[in-house]
Amino acid sequence: MKVIYTDSLIIGGGLAGLRTAIATRQRGYDSIILSLMPAKRSHSAAAQGGMQASLGASVKGEGDNEDVHFEDTVKGSDWGCDQDVARMFVNTAPKAIRQLCAWGVPWSRVRKGDREVVINGQKVTITEKDENHGLITSRDFGGTKKWRTCYTSDGAGHTMLYAMDNKAIELGIQVHERKEAVALIHEDGVCYGAVVRDLITGELLAYVAKATVIATGGYGRLYAVTTNAVISEGIGNAIALETGVAPLGNMEAVQFHPTAIVPVGILTTEGCRGDGGLLLDKDGYRFMPDYEPGKKELASRDVVSRRMTEHIRKGKGVPSRYGDHLWLDITLLGRAHIEKNLREVKEICEYFLGIDPVKEYIPVRPTQHYSMGGVRTKPTGESPTLKGLFAAGEASCWDMHGFNRLGGNSVAETVVAGMIVGEYVADYCASNPLKIDTELIEKFVNQEQEKISTLLSRDKGESAFALKKEMQQIMMDKVGIFRNEADLSKAVEELKVLHQKSKNIALRYKVRAANPELVEAIRVPKMIRLAQCVAYGAMLRKESRGAHSREDYPERNDRDWLKRTLTFWKNEDEDLPEVKYEELNIMKMEIAPGARGYGVDNTIHHPDTEKRLAEIEEIKKTNPSADRFELQRLLNPIEIPEKFRGKNERIGIGFK
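Everything numeric in this text was worked out from a predicted model, so none of it was measured.

**Q** Now, about the overall build of the protein chain: what can you tell me, with residues and values included?
**A** Along the protein chain, the regular secondary structure elements total 18 helices and 22 strands. By the compact-globule yardstick of 26 Å for 656 residues, the protein chain fits well, its C-alpha radius of gyration being 24 Å. A principal-axis box enclosing the C-alpha atoms of the protein chain has dimensions of 70 × 55 × 50 Å. Taken over 656 residues, the protein chain has a buried fraction of 62%. Pairs at least 24 apart in sequence give 73% of the contacts found in the protein chain among residues at least 6 apart. Here the protein chain holds 91 positive side-chain charges and 92 negative ones, and the gap between their average locations is 2 Å.

**Q** Any details on helix α10 (residues 343-352)? Residues and values, ideally.
**A** For α10, the full list of buried residues reads V345, K346, I348 and C349. Angular distribution of buried residues about the axis of α10 spans 160 degrees; they occupy a single face of the element. Buried residues along α10 sit against β12 (254-261), α6 (271-274), α9 (335-341) and β15 (362-371).

**Q** How would you explain the side chain of T226 if you had to name every residue and give the values?
**A** Looking at the element boundaries, T226 is found in the loop between β10 (204-214) and α5 (235-241). Accessibility expressed as a relative area gives 4% for T226, which makes it buried. Engagement of the side chain of T226 in a polar contact is seen with the backbone nitrogen of N228, the distance being 3.0 Å. Within the structure, the side chain of T226 is placed 2.6 Å from the side chain of Q368, a separation counted as a polar contact. Leave out the neighbours within four places in its chain, and T226 touches G220, R221, V264, G265, T367 and Q368.

**Q** Provide a residue-level description of the packing of aromatic side chains, including the pertinent values.
**A** Aromatic ring pairs are described here by two measures, namely the spacing of the ring centres and the angle between the planes. This model, assessed by the stated rule, comprises five aromatic pairs. Aromatic side chains F390 and Y428 sit 5.7 Å apart centroid to centroid with 75 degrees between the ring planes, which places their arrangement in the edge-to-face category. Of the two residues, F390 sits in strand β17 (residues 389-391) while Y428 sits in helix α11 (residues 409-431), which places them 38 residues apart along the sequence. By relative accessible area, F390 is classed as buried at 1%. Here the basic side chain of K40 rests over the ring of Y162, its NZ or CZ set 5.4 Å away from the ring centre. The ring of Y151 is capped by R139, whose NZ or CZ atom sits 4.1 Å from the centre of that ring.

**Q** Which residues make up the nonpolar core, and what are the values?
**A** Core analysis: the biggest nonpolar cluster contains 143 residues, and M160 and I214 have the highest contact counts within it. The biggest single contributor to this core is helix α15 (residues 516-540), with 14 residues. For I214, the contacting residues outside a window of four places in its chain are I11, L184, G236, N237, I239, A240, V375, L389, F390, A391, A392 and A395. Counting residues in hydrophobic clusters, the runner-up holds 29 residues, among them M308, L326, L328 and V358.

**Q** Kindly report on unusual backbone geometry, identifying the contributing residues and their values.
**A** At the junction of V262 and P263, the peptide bond is cis and its omega measures out at 10 degrees in the coordinates. Looking at the element boundaries, P263 is found in the loop between β12 and α6. The backbone of N250 sits at a positive phi, close to 50 degrees, despite the residue not being glycine. Here N250 is to be found in the loop between β11 (248-249) and β12. Take N250: its relative accessible area is 0%, and that puts it in the buried class. With a phi angle near 55 degrees, K296 is a residue other than glycine that sits in the positive phi range.

**Q** Help me get a handle on the sheet that holds strand β13 (residues 278-280), residues and values and all.
**A** Sheet architecture is open: four strands sit in the order β12-β15-β14-β13, paired in antiparallel fashion. The open sheet is flanked by β12 and β13, the only strands paired with a single partner. Neighbour-to-neighbour, the strand axes of this sheet turn through a mean angle of 45 degrees, independent of strand direction. Against the sheet, helix α8 (residues 301-316) contacts β12, β13, β14 (326-329) and β15, and its axis sits at roughly 60 degrees relative to β12.

**Q** Can you tell me about a nonpolar patch on the surface, naming the residues and giving the values?
**A** Taken together, the side chains of V264, Y351 and F352 make up a nonpolar region of the molecular surface, amounting to roughly 360 Å² of accessible area. Tracing the backbone shows V264 in the loop between β12 and α6.

**Q** Give me the pattern of salt bridges: which residues, what numbers.
**A** In this structure the tally under the stated criterion is 62 salt bridges. Between K167 and E170 there is a salt bridge, and its shortest N-O distance comes to 3.2 Å. Within this pair, K167 and its partner E170 are both found in helix α4 (residues 156-170), separated by three residues, close to a single helical turn. Accessibility expressed as a relative area gives 15% for K167, which makes it buried. Via salt bridges that share partners, D78, E252, D302, R306, R541, E543, R545, R556, D558 and R596 belong to a single interconnected network.

**Q** So what's going on with the sheet that holds strand β22 (residues 578-583)? Residues and values would help.
**A** The five strands lie next to each other as β18-β16-β11-β21-β22, forming an open sheet whose pairing is mixed. If you trace the sheet from one side to the other, it starts and ends with β18 (396-397) and β22, each paired once.

**Q** Got a sec to walk through a negative patch on the surface? Specific residues and values, please.
**A** Together, E187, D188, D437, E439 and E442 make up a negatively charged patch on the protein surface. Tracing the sequence through the fold places D188 in the loop between β8 (179-187) and β9 (190-198).

**Q** Residues and numbers for the pairing of strand β2 (residues 31-35), please.
**A** Buried residues dominate β2, accounting for five of its five residues. With burial as the criterion, each face of β2 is covered, one bearing S31, I33 and S35 and the other bearing I32 and L34. Judged from the four bridges that link them, strand β1 (residues 2-11) and β2 form a sheet pairing that is parallel. Across the sheet, residue I10 finds its bridge partner in β2, namely I33. At this point the chain moves from β1, through helix α1 (residues 15-26), to the parallel β2, and the crossover so formed is right-handed. The sheet contact formed by β2 and strand β7 (residues 174-177) spans four bridges and is parallel. Note on β7: the bridge partner recorded for L34 is H176.

**Q** Describe the side chain of Q255, with residues and values.
**A** Position of Q255 relative to the elements: it lies in strand β12. At 2.8 Å, the side chain of Q255 and the side chain of N404 are in polar contact. Here the side chain of Q255 touches R405 through a polar contact of 2.8 Å, landing on its backbone oxygen. In contact with Q255, other than residues within four places in its own chain, are R301, T367, Q368, H369, Y370, M372, N404, R405 and A547.

**Q** Requested: an account of the packing of helix α14 (residues 485-501) against α15, with residues and values cited.
**A** Packing of α14 against α15 brings their axes to within 9 Å, and their N-to-C directions diverge by 155 degrees. Here α14 is positioned roughly antiparallel relative to α15, judged by the angle of their axes. For α14 against α15, the interelement crossing comes out left-handed. Taken together, the residues of α15 that come into contact with α14 (itself represented by E485, L488, S489, A491, V492, L495, K496, L498 and H499) are I528, R529, A531, Q532, A535, Y536, A538 and M539.

About the cut-offs
- Residues numbered from 1 in each chain as written.
- Predicted model: local features only at pLDDT ≥ 70, side-chain atom pairs only at ≥ 80, totals over all residues.
- Heavy atoms only, no water.
- Helix = DSSP H or I, 4+ residues; strand = E, 2+ residues; numbered from the N terminus.
- Rg over C-alpha atoms; globule rule 2.2 N^0.38 Å.
- Buried < 20%, exposed > 50% of the residue type's maximum accessible area, 1.4 Å probe, protein only.
- Contact = heavy atoms within 4.5 Å.
- Lys, Arg positive; Asp, Glu negative; His and termini not counted.
- Charge placed at Lys NZ, Arg CZ, Asp CG, Glu CD.
- Arc of directions from axis to C-beta.
- Polar contact = N/O pair within 3.5 Å; in protein donor to acceptor, adjacent residues only side chain to side chain.
- Phe/Tyr/Trp six-rings, centres within 6.5 Å; stacked < 30°, edge-to-face > 60°.
- Lys NZ or Arg CZ within 6 Å of the ring centre and 35° of its normal.
- Core = buried A, V, L, I, M, F, W, Y, C linked by side-chain atoms within 4.5 Å.
- Pairing = 2+ DSSP bridges.
- Axes fitted to C-alpha atoms, helices over the stretch in contact; angles between N-to-C directions.
- Patch = residues over 30% accessible without salt bridge, like charges linked within 9 Å, V, L, I, M, F, W, Y side chains within 5 Å.
- Areas by Shrake-Rupley, 256 points an atom, 1.4 Å probe, with all protein chains shown as cover.
- Salt bridge = Lys/Arg side-chain N within 4 Å of Asp/Glu carboxyl O.
- Right-handed = clockwise from strand over helix to strand, strands pointing away.
- Parallel < 35°, antiparallel > 145°, perpendicular 65-115°, else oblique.
- Left-handed = near helix turned anticlockwise from the far one by under 90°.

This is how it looks when you write it as structure tokens:
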């Protein structure tokens, strides 16, 4: 048995994992990153549109600050987020983007003078100030009051990932490629690392660490059609769930992106609509102003996805052999803009659809895109029940996004969470010496070895590929954008059957090394349990909040459901997880629950809402000279690593 020791073990080589490793390494602690592939090929590279940070440098971003970003984020979450975490995030995001600039990210810049943009379907001339020339610019994204999304054309994730990986190389951080964590090593409420399978040799290794961080991204591949990469299967979430100790949070909160191309589901960035693109139906009619006259195509993603689906249901979709879709029109932006700022979108359309979006409409429809759920953590990023286990990025329920995330906030979260959580990981390494019995390591390695041996020795049984396909179709058909009791109940029952079948998987190719069928056989039972967490949590939550939309319970019910779902799977023989709930305390909220501003406000209010609103007004009244920073501390005092506590400077106003 080979054992590898380190201070911090980072499972996942994307932006969140890299940034967490950098933070701990800069504090003097060794970090090892485990990655299924070379880090520069991580799914983080697929992020197109940009990263939100309240710089306020462009003319359409003037007046932006942490408070405006915070309010957008809380409203976008449908009051499901942890407001402490949202505050930490918006305060740190400007620092993160400027640091990335210093590390080599070539952010698009403000160019002084007049420029033509498309706003609400009309070409408009805006004038950038001379003194802002050369500063980091921003584009419009859904659900925001200001243009806040900083970008590099439509390749923000790519440029950020390359700069981040280069920084990790500079610091000498090891990335162990083609390695997959298959189980966490833990005892008595403490995590000590992971059992890891080498995908090339098939060897099982033990990575033992003071702190273990899950940064494996989302679980989009639970669905048949998704914008997620093929590696986004939620295995990091699954191995945390399998401990029976660490809960997953808000697994039913799954976001669909409005504009994935038909039929393959590849994303066209929200930057298409942010830059002025329009959604059209089969008649070429722009329908979003009828549903959302305020924000139109730039309502929050969950809202736009539902409105598109509603319009298709009315018979307004464009018929195709792959099902009805709608059109995304970016032709009005012009060739120069598209080839400069949306060049990846143009290439995707050319390669996968055989069309030129400069001249032709793009066929789109909502598709699974982002997972708000994940490993439940405290604001420090650590699991509240399994000491030494941390999570960051999309794999976590930190919980910055609540039940819906704003576009641009997730790419920002990977970096900001990596910065903040990385500091707390370093603190943990400093105060917790590693003490572990090798018998415990052997126990976990032997357990996984026995599971693999059983799979390889079984002559007859179920196909992992067939089970996975069936699971993905169940999720697509019954746990989608609109949900109801009948479909969710069927999904839960059908997933129970698949869970039982997954215990009898057999392989045709009985080789331990470099065996894709064995990889599927190991992953699929874990994925089915994750899918059940999503379906069962959605069935139990009898309200609509953010991306979780129940047709039979259309109200957002703060009175009964202003709480976070916690899911445990304590016994793998059981067909259902154990579900508990964590109340959100209104009396500690900086912004008390209210209307998001979309459609009719049908909220069932919590009895403490009026009480908190009155308390907030009283605090403001009794502190008339307090500036916004002092008010924030009075309303919502937060803990944040010292190096990120400073104010953010903006052009023309300094640190105000």
